[in-house]
Amino acid sequence: MSNHFDALETRDPAQREAALLAALPNQVAHAKASARAFAKSLQSVDAASVNSRVALAKLPVIRKHELLEQQQALTRYRYLWRLLSYCLWQSDAPYLCKPRHHL
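Here is a short report on the structure shown in this document.

Reading the values: rules and limits
- Residues numbered from 1 in each chain as written.
- Predicted model: local features only at pLDDT ≥ 70, side-chain atom pairs only at ≥ 80, totals over all residues.
- Heavy atoms only, no water.
- Salt bridge = Lys/Arg side-chain N within 4 Å of Asp/Glu carboxyl O.
- Helix = DSSP H or I, 4+ residues; strand = E, 2+ residues; numbered from the N terminus.
- Expected span 1.5 Å × (residues − 1).
- Bend = angle between axes of the 7 residues up to and from the residue.
- Buried < 20%, exposed > 50% of the residue type's maximum accessible area, 1.4 Å probe, protein only.
- Contact = heavy atoms within 4.5 Å.
- Polar contact = N/O pair within 3.5 Å; in protein donor to acceptor, adjacent residues only side chain to side chain.
- Core = buried A, V, L, I, M, F, W, Y, C linked by side-chain atoms within 4.5 Å.

Describing the pattern of salt bridges
Under the criterion given, the structure shown has one salt bridge. Among the salt bridges present, the one from glutamate 17 reaches arginine 53, with a minimum N-O distance of 2.6 Å. Of this pair, glutamate 17 sits in helix α1 (residues 13–34) while arginine 53 sits in helix α3 (residues 53–57), and the two are 36 residues apart along the sequence.

With respect to α1
For α1, with 22 residues, the first-to-last C-alpha span of 30 Å sits near the 32 Å given by 1.5 Å per residue. Considering bend angle alone, the principal kink of α1 is centred on leucine 24 and spans about 35°; proline proline 25 follows within four residues of it. If you check which residues of α1 are buried, you get Leu24, Pro25, Val28 and Ala31. On its buried face, α1 sits against α2 (36–41) and α3.

Brief notes about the environment of glutamate 66
As for its position among the elements, glutamate 66 is in helix α4 (residues 64–87). You can call glutamate 66 partly exposed: its relative accessible area is 30%. Sequence separation of glutamate 66 and alanine 37 is 29 residues, and the distance between their C-alpha atoms is 8.8 Å. Within the structure, the side chain of glutamate 66 is placed 3.1 Å from the backbone nitrogen of arginine 63, a separation counted as a polar contact.

As for the nonpolar core
Grouped together as the largest cluster of nonpolar side chains are nine residues: Leu24, Val28, Ala31, Leu42, Val45, Ala47, Val50, Ala55 and Leu59. Setting aside its immediate chain neighbours within four residues, alanine 31 contacts Phe38, Ala39 and Leu42.

Right under this line is the structure:
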């Protein structure tokens, strides 16, 4: 039985680095398209140009407190949207807040 999961773990370090750097532009593009926090901080970055250690080092860093602030802002908006959807669109009379579900 092998001590490694697959052959990728035992590759030459240069091969591993080349494969990771080749996949890096797709990862950056995916982060820009899929994650709001990264999309905001990476908006001025060309994903295709992030293909070396130097380019990777130039990417902006998202600090933990910045990420927390963005998550809290999204949570507030989600709560307001949820409240409006229960109050306005599911009530019997227009503009009458009569929640039908427990918030």
